[in-house]
Amino acid sequence: MSEKSLLDQWRDMAYDRNLSKNELETFWSRYFTIEKKIYEQLLDNPEEEVRGTVKELAEKYGINVFTMTGFLDGINDSLKVANPIETMDEDTEVSLAFDKEKLYKNMVDAKADWLYELPQWKEIFSEEELKKCIQSAYDKKFDTDVIAPLVKADGAYYLELFHGSTIAFKDMALSILPYLLTTAAKKNGVTNDIVILTATSGDTGKAAMAGFADVPGTKIIVFYPKNGVSPIQEKQMVTQKGNNTYVIGIKGNFDDAQTGVKKMFSNKELAKVMNDNGFQFSSANSINIGRLVPQVVYYVYSYATLLARGEISDGEQINVVVPTGNFGNILASYYAKQMGIPIGKFVCASNKNKVLFDFFETGKYDRNREFYVTTSPSMDILISSNLERMIYRIAGNDPKQCAEFMAALTKDGEYVITDAMKAELSEFFGAFGSEEETAVKIKEVYDKEGYVMDTHTAVAAVAYDKYKAATGDDKTPTIIASTASPYKFTRSVMDALGEDHKDLDDFGLVDALSALSKVPVPRAVEEIRT
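Since we're looking at a predicted model, the values are computed, not measured.

Chemist: Break down helix H11 (residues 268-276) for me, with residues and values.
Modeler: Of the residues that open H11, the one with a side-chain oxygen 3.1 Å from the backbone nitrogen of Glu269 is Asn267. Downstream of H11 by a residue or two, Gly278 has a phi angle that is positive, lying close to 85 degrees.

Chemist: Explain unusual backbone geometry to me, and be specific about the residues and the numbers.
Modeler: We note that Ile147 has phi near 70 degrees; this positive angle belongs to a residue other than glycine. With respect to the element layout, Ile147 can be found in the loop between helix H6 (127-137) and strand S3 (150-153). Residue Ile147 is classed as buried on the basis of its relative accessible area of 18%. Phi is positive for Asp154, which is not a glycine, with a value near 55 degrees. Judged by its relative accessible area of 12%, Asp154 falls in the buried class.

Chemist: Residue-level account of the packing of aromatic side chains, with values.
Modeler: By the definition in use, this model includes 25 aromatic pairs. With a centroid separation of 6.0 Å and an interplanar angle of 85 degrees, the aromatic rings of Phe265 and Phe281 are classed as edge-to-face. One end of the pair, Phe265, is in helix H10 (residues 254-265); the other, Phe281, is in strand S8 (residues 279-283), and 16 residues separate them in sequence. Here the aromatic rings of Phe327 and Phe360 are separated by 6.2 Å at their centres, their planes lie at 35 degrees, and the arrangement is tilted. Of this pair, Phe327 sits in the loop between strand S9 (318-323) and helix H13 (328-338) while Phe360 sits in helix H14 (residues 355-362), and the two are 33 residues apart along the sequence.

Chemist: Mind laying out the side chain of Ser333, listing which residues take part and the relevant values?
Modeler: For Ser333, the location among the structural elements is in helix H13. Residue Ser333 is classed as buried on the basis of its relative accessible area of 0%. Beyond its immediate stretch of four places on either side in the chain, Ser333 contacts Tyr299, Val320, Ile343 and Phe346.

Chemist: Tell me about the sheet that holds S8, and please be specific about residues and values.
Modeler: A sheet is described by the order of its strands in space; here four strands give the open sequence S7-S6-S5-S8, paired in parallel fashion. Of all strands in the sheet, those with a lone pairing partner are strand S7 (245-250) and S8, marking the two edges. Strand-to-strand twist of the sheet, defined as the mean angle between neighbouring strand axes without regard to direction, takes the value 25 degrees. One ladder, built from five bridges, connects strand S5 (residues 193-199) with S8; its direction is parallel. From the neighbouring strand, Leu197 faces S8, where its bridge partner is Ser283.

Chemist: Quick one: what's the story with the pattern of salt bridges, residue by residue and with numbers?
Modeler: Tallied over the full model, the rule gives 25 salt bridges. Between Lys354 and Asp358 there is a salt bridge, and its shortest N-O distance comes to 3.0 Å. With relative accessibility at 23%, the residue Lys354 sits in the partly exposed group. Residue class for Asp358 comes out buried when judged on its relative accessible area of 17%. Ionic pairing is found between Lys441 and Asp465, a salt bridge with its closest N-O pair at 2.6 Å. On the criterion of sequence distance, the pair formed by Lys441 in helix H18 (residues 435-449) and Asp465 in helix H19 (residues 455-471) is long-range, its members being 24 residues apart. For Asp465, a relative accessible area of 28% puts it in the partly exposed group. A cluster of three or more residues bridged by salt bridges with shared partners is formed by Asp154, Lys441, Glu444, Lys448, Asp465 and Lys468.

Chemist: So what's going on with the pairing of S5? Which residues, and what values?
Modeler: Here S5 lies mainly inside the structure; six of its seven residues are buried. Taken together, the six bridges between S5 and strand S6 (residues 218-225) define a ladder with parallel strand orientation. The residue bridging Ala199 from the neighbouring strand is Phe223, located in S6. Traced from S5 through helix H8 (residues 203-212) to S6, the parallel crossover comes out right-handed.

What counts and what doesn't
- Residues numbered from 1 in each chain as written.
- Predicted model: local features only at pLDDT ≥ 70, side-chain atom pairs only at ≥ 80, totals over all residues.
- Heavy atoms only, no water.
- Polar contact = N/O pair within 3.5 Å; in protein donor to acceptor, adjacent residues only side chain to side chain.
- Helix = DSSP H or I, 4+ residues; strand = E, 2+ residues; numbered from the N terminus.
- Buried < 20%, exposed > 50% of the residue type's maximum accessible area, 1.4 Å probe, protein only.
- Phe/Tyr/Trp six-rings, centres within 6.5 Å; stacked < 30°, edge-to-face > 60°.
- Contact = heavy atoms within 4.5 Å.
- Pairing = 2+ DSSP bridges.
- Axes fitted to C-alpha atoms, helices over the stretch in contact; angles between N-to-C directions.
- Salt bridge = Lys/Arg side-chain N within 4 Å of Asp/Glu carboxyl O.
- Right-handed = clockwise from strand over helix to strand, strands pointing away.

What is shown is where atoms sit, not what they do.
Written out as structure tokens, the structure is:
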């Protein structure tokens, strides 16, 4: 009987220096074929724990004990509890209970091409694929190398998410979405052209069209409320270049546009007609999780930046304040906390359309109310689509209960969550800013700091003041998501600053704001001008 361990005997076979290059290639080719077969079986049910002796598992998978040993050696770092590889013999009891995070990391690190042929890997991006998406997305279309500066002003940190091609935060996620989408389509063997349907309250539309313009294999159609966006927002959309971009102004508000898009998505007959003609629908709204996931990065990046600057210590809690109508951006911050970022409170900032504020106060979501057109139009929303994802979470991930709430919203325009579900929202603080409060805040911060913010960011700043007044918490470092450039809403901003501009057109206002703020006119605005 050999005194060598099974592992040593396997290594003698696998790395035999007496074998020629061709013989070694043949050996490893056979091994990888076997390894792929075992992985396919194990990954059909990755939660299952497979137990047995080395000999029993070898017989189970139709291989010899040496090859089984090699396989166990290769996956040992991916298991919840490692097996005693160095000392085991064929009668040693072993366990194949995967730690999924370790497994995926180690499989990616292995860089074996056949791994990406497995069905389970069609939803997994390799490191190389992600890098390509990121490098393609965050390029010269942003007017700052930092991409998203974090600016300290008025006792908070303003995360400027508006330095892209449409000067609004939607650029951040929508710059990478086309590359994530087309990469995923290729990985999954999709041959149809992808038609993006998108409803916008002002910012998403232009950002989506800019991201998808002339991207091969895609077309994009944007629907916006004709009288519900700013002049700059409308000009940005209707002047968008690209042979595959289309924009349609509708009679109604954003909720009408969003409801219409959802109906098209759920129309099975329309989907069949599209498929028969080589097309299929997708979305650039936060209906698409590919829109939401990149937004998680805002809050990871903010925390890492504050840590690198020495503004916070490792593990210290921060708060975040997000102006929101559709609940996507603030939900991303919540997901960031679930992934380990130490966030204490989520301040949900609403404008006069305060359906979310009322929800956090009472536990009742009620869209049966007057709709207001405000100076922060991207928040003029009464149906917050992404709140459904939060409802699912606080309902214990129960799809049936979540569906019942959404059905009630469609039928009656309202639903009421349980007391237990409301308790799950204790980390959220709802606040709203009136039109008057928003305007006062813009001038107050400018007079005090020389910093000019847009109307949406000002709503968040008002909400932060109300949070501090209600809780006394003015010490926790706080991130305020600055979601649009003041150049996108120049008339409202200049009104708030009290400047005389009655005779100025939109571009005259832009120049006046630049002179006042000493901030150059963004390239995105200059392109519209010319």
